Structures are given as C-alpha cells and as structure tokens.
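What follows is each chain in one-letter form.
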Amino acid sequence: ISTRDWSSDVCSSDLSFFSPLTRMWELLAGCALACIVGPDTRQDADNIAATRPLRWSLRNLVSVVGSGLILTAMFVLDSDSEFPGVWALLPVLGTVLVIWGGQHAWINQSIFAQRWLVSIGLISYPLYLWHWPLFSFTRVLEGRRPDWPIATLLLLAAFILAYLTYY
C-alpha cells in the first residue's frame, strides 16, 4: 500500500478506529485501574459506611460521575464525531470511574446489578462478536444501512447467537 493510500480520509479513520496502536490507551486505562484498586477490593458496605463515610460518599460520587460521562457519550456522540480521539475520553473515563466506584456504590448496586443488566454483561463479548458480521454483511448485501425492522431482527439474532455462544 502506498503512502498516498494511507493518507486518505477513509483509510486513516479506519486505521485510527481499528488499530491497537491508537486504541492502546483505552486498554491501559483499565490496567492502571487494576493497579490502583489492588488485588482485594471486597469490603462490607456497612463497614465502609461506618469507618470511612467520606470514602463511601466519594465512591458514590465517582460512580455517578462515571455514569454521567457514559450517558453523555451515548447522547452527544454521533457519526460526525471524530472517534476515537478526544471524544473517546467520555466512555473510557466513565467506565473507569464506574468500575472504580466499586460494588458498594449506590448506582452500581441499584442499577448496574439488576439481573437483566448482569445477563447482558455476561453475553456482551459474544454479542459484540456476533453483531459485527450480521450488520456488516447486511450492509454489504443491501448497499446501505438496514432499515429499523431489519436492524431490530439482526439485533435479536445477535442476542440469541450470543446467548447460545455463552451457554
């Protein structure tokens, strides 16, 4: 591939999106969090509240801010946003903060620990793997993005395949 090919807008945006070199910092954010949190993060919620109320409040604040960053990314980012790049800070930092908040943060206990959300989390990686070829092949075959009824069926198929793959 010539230098001219790599400098085209499409190729450079694809390269920045798919290259592990441009996305490495996202993985390193998770590694840094693992180093900060340490090996034993399980603590009793009452013990945290009784002995370190500031820490308990801080964990709640961190989790709420992280959730807010993720929600902001969901509603602000669109196909015109340069991603990855500075915009990738919203979901990455948000995710790091939610995880750092820990299992005893209110939003993590009340919302993210719901059985149906945990179930989606368990199949999230196979869901990611299945949705890509289903949507990509449909787009190639139709020459455009699938309409919402087809997209809904593809998403349902991806969930079923992910569930079967997981179990």
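Our subject is the structure that appears above.
The rules behind each value
- Residues numbered from 1 in each chain as written.
- Predicted model: local features only at pLDDT ≥ 70, side-chain atom pairs only at ≥ 80, totals over all residues.
- Heavy atoms only, no water.
- Axes fitted to C-alpha atoms, helices over the stretch in contact; angles between N-to-C directions.
- Helix = DSSP H or I, 4+ residues; strand = E, 2+ residues; numbered from the N terminus.
- Left-handed = near helix turned anticlockwise from the far one by under 90°.
- Contact = heavy atoms within 4.5 Å.
- Nonpolar A, V, L, I, M, F, W, Y, C, P; charged D, E, K, R; others polar.
- Buried < 20%, exposed > 50% of the residue type's maximum accessible area, 1.4 Å probe, protein only.

(A) Inspection of the packing of helix 9 (residues 124–142) against helix 10 (residues 148–166) at higher detail. At their nearest, the axes of helix 9 and helix 10 sit 8 Å apart, and the two run at 145° to each other. Once helix 9 is placed against helix 10, the crossing between them reads as right-handed. In this structure, helix 9 uses Pro126, Leu127, Trp130, His131, Leu134, Phe135 and Thr138 to contact helix 10, whose residues at the interface are Ile150, Ala151, Leu154, Leu155, Ala157, Ala158, Phe159, Leu161, Ala162, Thr165 and Tyr166. Looking at the contact of helix 9 with helix 10 residue by residue, the classes come out as 15 nonpolar, three polar and no charged.

(B) Spotlight on the environment of Val118. As for its placement among the helices and strands, Val118 is situated in helix 8 (residues 115–122). Val118 gets classed as partly exposed once you look at its relative accessible area, which sits at 39%. The residues contacting Val118, other than those within four sequence positions of it, are Phe112 and Ala113.

Geometric descriptors of this kind do not, in isolation, establish any biological role.
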